[in-house]
Amino acid sequence: MSSCHAAIISLLLILTASPRWSYEAIGPGCHLHPFDVTIKSDRRGTCRGTHVVQACVGYCESSAFPSKYSVLLASSFKHNITSVSQCCTISKMQKIKVRLYCGAIRHEEIEIFTAKSCQCDMCRLSRY
């Protein structure tokens, strides 16, 4: 498959997640959990495939406490609560190949990412 064609398919990916777990079943910590994705080459689903990928799911420590006097002074007494938290996040990713079937005869292969390992780390708006 040409790199241009792969880029177009990558841009048109539509992922439909179907989790195999529930939040009630997840224990303390940050763990890998599998879920199914359906990948379509376009909105009509001209080419489509499914694959199991890994996500990072779980709970990490957080706390909140009254701010130190030095913090209160530095913030003109506006920052009266200090909070510290970590979020469950992907620490390593890997590419996997997914075969998309385009009718009965033709197929294409694309690469997507899956989580390889997880950890509790500083919370960020976006890492990738």
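What this report covers is the structure whose coordinates are included nearby. Keep in mind the model is a prediction, meaning the values are calculated, not measured.

Turning our attention to the state of the cysteines. Counted according to the given criterion, the structure contains five disulfides. Two residues share a disulfide in this structure: cysteine 47 and cysteine 102, whose sulfurs sit 2.0 Å from each other. Because the torsion about its S-S bond is 115°, the bridge between cysteine 47 and cysteine 102 counts as right-handed. Remark: cysteine 102 occurs in strand β5 (residues 81-102) and cysteine 47 occurs in the loop between β2 (29-40) and β3 (48-59); sequence separation between them is 55 residues. One disulfide bridge connects cysteine 87 with cysteine 123, the sulfur atoms lying 1.9 Å from each other. A torsion of 100° about the S-S bond marks the disulfide between cysteine 87 and cysteine 123 as right-handed.

In total, this model carries four salt bridges according to the counting rule given. A salt bridge links aspartate 42 to arginine 44, with the nearest nitrogen and oxygen atoms 3.6 Å apart. Between arginine 124 and aspartate 121 there is a salt bridge, and its shortest N-O distance comes to 3.4 Å. The class for aspartate 121 is buried, based on a relative accessible area of 18%.

Thresholds applied
Residues numbered from 1 in each chain as written. Predicted model: local features only at pLDDT ≥ 70, side-chain atom pairs only at ≥ 80, totals over all residues. Heavy atoms only, no water. Disulfide = S-S within 2.5 Å. Helix = DSSP H or I, 4+ residues; strand = E, 2+ residues; numbered from the N terminus. Salt bridge = Lys/Arg side-chain N within 4 Å of Asp/Glu carboxyl O. Buried < 20%, exposed > 50% of the residue type's maximum accessible area, 1.4 Å probe, protein only.

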